[in-house]
Amino acid sequence: MNLTDQQRRSYLARIGYDGRLEPTLEALTALCRAHVRAVPFELLDGPDGLVPGIDAASVYKKVVLRHLGGACMEVNNLFAALLRDLGFEVTTHASRPWLPQDRAYTDTGDHMILVVRIEGVAFLVDVAYSQLTAVTPLRLDGSECTEHGWRFRVLRDRDGDDYIAQRAGAGGRWSPIHRFTLDPRGGEHFATILDLYLTPGTGSPIPRTLMCSRVTGTGKATLVNDVLIETADGGTERSSRVDTPEAARAALALIFAGHPTLAERGARIWQRLVGDPAGTSARAAAPSAATFEETSA
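Parameters at a glance
- Along each chain, residue indices are assigned from 1 in the same order as the chain's sequence is written.
- Restriction of local features to residues with pLDDT of at least 70 applies here, the model being predicted, together with a cutoff of 80 or more for giving and counting side-chain atom pairs; totals for whole chains, interfaces and linings are based on all residues.
- Based on all heavy atoms of the structure, the side-chain values leave hydrogens and waters out of the count.
- Relative accessibility thresholds used throughout: buried, under 20% of the residue-type maximum; exposed, over 50%; partly exposed, between the two (1.4 Å probe, protein chains only).
- For helices the rule is a DSSP run of H or I covering at least 4 residues; for strands it is a run of E covering at least 2, with both sets numbered from the N terminus onward.
- Here, strands pair whenever DSSP counts at least two bridges between them.
- Predictor confidence is given residue by residue as pLDDT, running from a minimum of 0 to a maximum of 100.
- Should any heavy atoms of two residues lie within 4.5 Å, those residues are considered in contact.
- One speaks of a salt bridge when a side-chain nitrogen belonging to Lys or Arg is within 4 Å of a carboxyl oxygen belonging to Asp or Glu.
- Expected span of a helix, by definition, is 1.5 Å for each gap between consecutive residues, and there is one gap fewer than residues.
- To define axes, lines are fitted to C-alpha atoms, for helices over the stretch in contact only, and angles between the resulting N-to-C directions are given on a 0 to 180 degree scale.
- Left-handed describes a crossing whose near helix is turned anticlockwise from the far helix by less than a right angle; the clockwise case is right-handed.
- Residues were grouped as follows: Ala, Val, Leu, Ile, Met, Phe, Trp, Tyr, Cys and Pro as nonpolar; Asp, Glu, Lys and Arg as charged; and all remaining residues, including Gly, as polar.

### Observations regarding the pairing of strand β5 (residues 121–125)
Thinking step 1. For β5, the tally of buried residues reaches four of five residues, placing the bulk of the element in the interior.
Thinking step 2. Inspection of the sheet shows strand β4 (residues 111–118) paired to β5 by five bridges, in the antiparallel sense. Looking at β5, one finds that Leu114 is bridged to Val125.
Thinking step 3. Hairpin connection between β4 and β5: a loop of two residues separates the two successive antiparallel strands, and Glu119 in this loop has a positive phi of roughly 50°.

### Describing the confidence of the model for the protein
Thinking step 1. Looking at the protein, pLDDT values average 92 and 93% of them are 70 or higher.
Thinking step 2. Contacts from residues 280–297, a stretch scored under 50 in pLDDT, to residues over four places away or in other chains number 53 contacts.

### A closer look at the pattern of salt bridges
Thinking step 1. One pass over the structure, following the stated rule, counts 17 salt bridges.
Thinking step 2. The partner of Glu230 in a salt bridge is Arg238, with the nearest N and O atoms 3.0 Å apart.
Thinking step 3. The buried category is assigned to Glu230, whose relative accessible area is 18%.

### Notes on helix α4 (residues 72–85)
Residues that lie three or four places apart on an α-helix share one face, since the helix turns once every 3.6 residues.
Thinking step 1. Taking 1.5 Å per residue, 14 residues should reach 20 Å; α4 reaches 19 Å between its end C-alpha atoms and fits that length.
Thinking step 2. Taking burial as the measure, the 14 residues of α4 include 12 buried ones, the bulk of the element.
Thinking step 3. Within two residues after α4, Gly87 carries a phi angle of roughly 100°, on the positive side.

### A word on the sheet that holds strand β12 (residues 219–224)
Where strands meet in a sheet, backbone hydrogen bonds hold them as pairs that are either parallel or antiparallel.
Thinking step 1. Strands sit in the order β1-β11-β12-β13-β14 across an open sheet of five strands; the sheet is antiparallel. Here the strands that pair on one side only, and so sit at the sheet edges, are β1 (41–42) and β14 (236–241).
Thinking step 2. In terms of strand pairing, β12 meets strand β13 (residues 227–232) through five bridges, oriented antiparallel. Looking at β13, one finds that Thr222 is bridged to Ile229.

### A look at the pairing of strand β2 (residues 89–99)
Thinking step 1. For β2, the tally of buried residues reaches eight of 11 residues, placing the bulk of the element in the interior.
Thinking step 2. Of the strand pairs in this sheet, β2 and β4 are connected by seven bridges, and their pairing is antiparallel. In the sheet register, Val90 faces β4, and the bridge partner there is Val116.
Thinking step 3. Here two bridges tie β2 to strand β3 (residues 104–105), and the two strands are oriented antiparallel to one another. Residue Trp98 lies in a different strand from β3, and its bridge partner there is Tyr105.
Thinking step 4. Here β2 folds back onto β3 in antiparallel fashion, the turn holding four residues, of which Arg103 has a positive phi close to 50°.

### Quick notes on the packing of helix α2 (residues 25–38) against α4
Thinking step 1. Where α2 contacts α4, the axes come no closer than 12 Å and their chain directions differ by 145°. For the element pair α2 and α4, the recorded crossing hand is right-handed. Two secondary-structure elements touch here, α2 through Leu28, Leu31, Cys32 and His35 and α4 through Val75, Phe79 and Leu83.
Thinking step 2. Residue composition of the contact of α2 with α4, by class: six nonpolar, one polar and no charged.

Below, the structure is given as structure tokens:
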């Protein structure tokens, strides 16, 4: 997608950005920070039986014109179009999220990430992920950055060509987030992933799972069905049960601040999947918060 001048202005207004636009690391970092605070991660289409368009033009209409959010393969793809328009060198890639309960990575590369090169240096960029990951662009050489007491880095796997994104909290232990290669993966790959997740009869948990998240002033808030996971200053996180309509509305108001349409829609989905006694089987079939926090793209 080639943005027109008006589309570029509208996109920048949508994320509340009025800073510098030269293809520099300073501008890229500022754009990432603005983007994650303005555009929530959300997978509401799946529970509503909808299949979103993931091409940049479709996502532009959804995120910019309709003032909604989206998943990684939507929002990161749209952000890539903006960065290219501003003169950045950008490629899209498929990463394999870490499954803590299995102590393994997913078999499919279902999370879209960006690699942005500035003056020959590659950076990992990700503005649309359900779990906590770095907002700051990360070099691929093990250099660390710290956000709200959490440390982040990307290391190269000693046994191959993969790169591994990691984070460490207050305890100091490094945990995997996902792994990826520098082989680009575009729309065709992610269209296959979309079919796998949203086609009826595949057994995917996405249609039975309410999931959304938002970067906050102290970290990140993620809602997965009836569990709210919040990271905070000092490299800490806590989970709380969202088992009443009031608690659900409060969690959704936090994540979808400034997006009343999404908050209302999320509340309806929560009632259907969690609040309605008939949703018991759906809750049992859906993945746990720990599972889905790590696996969703």
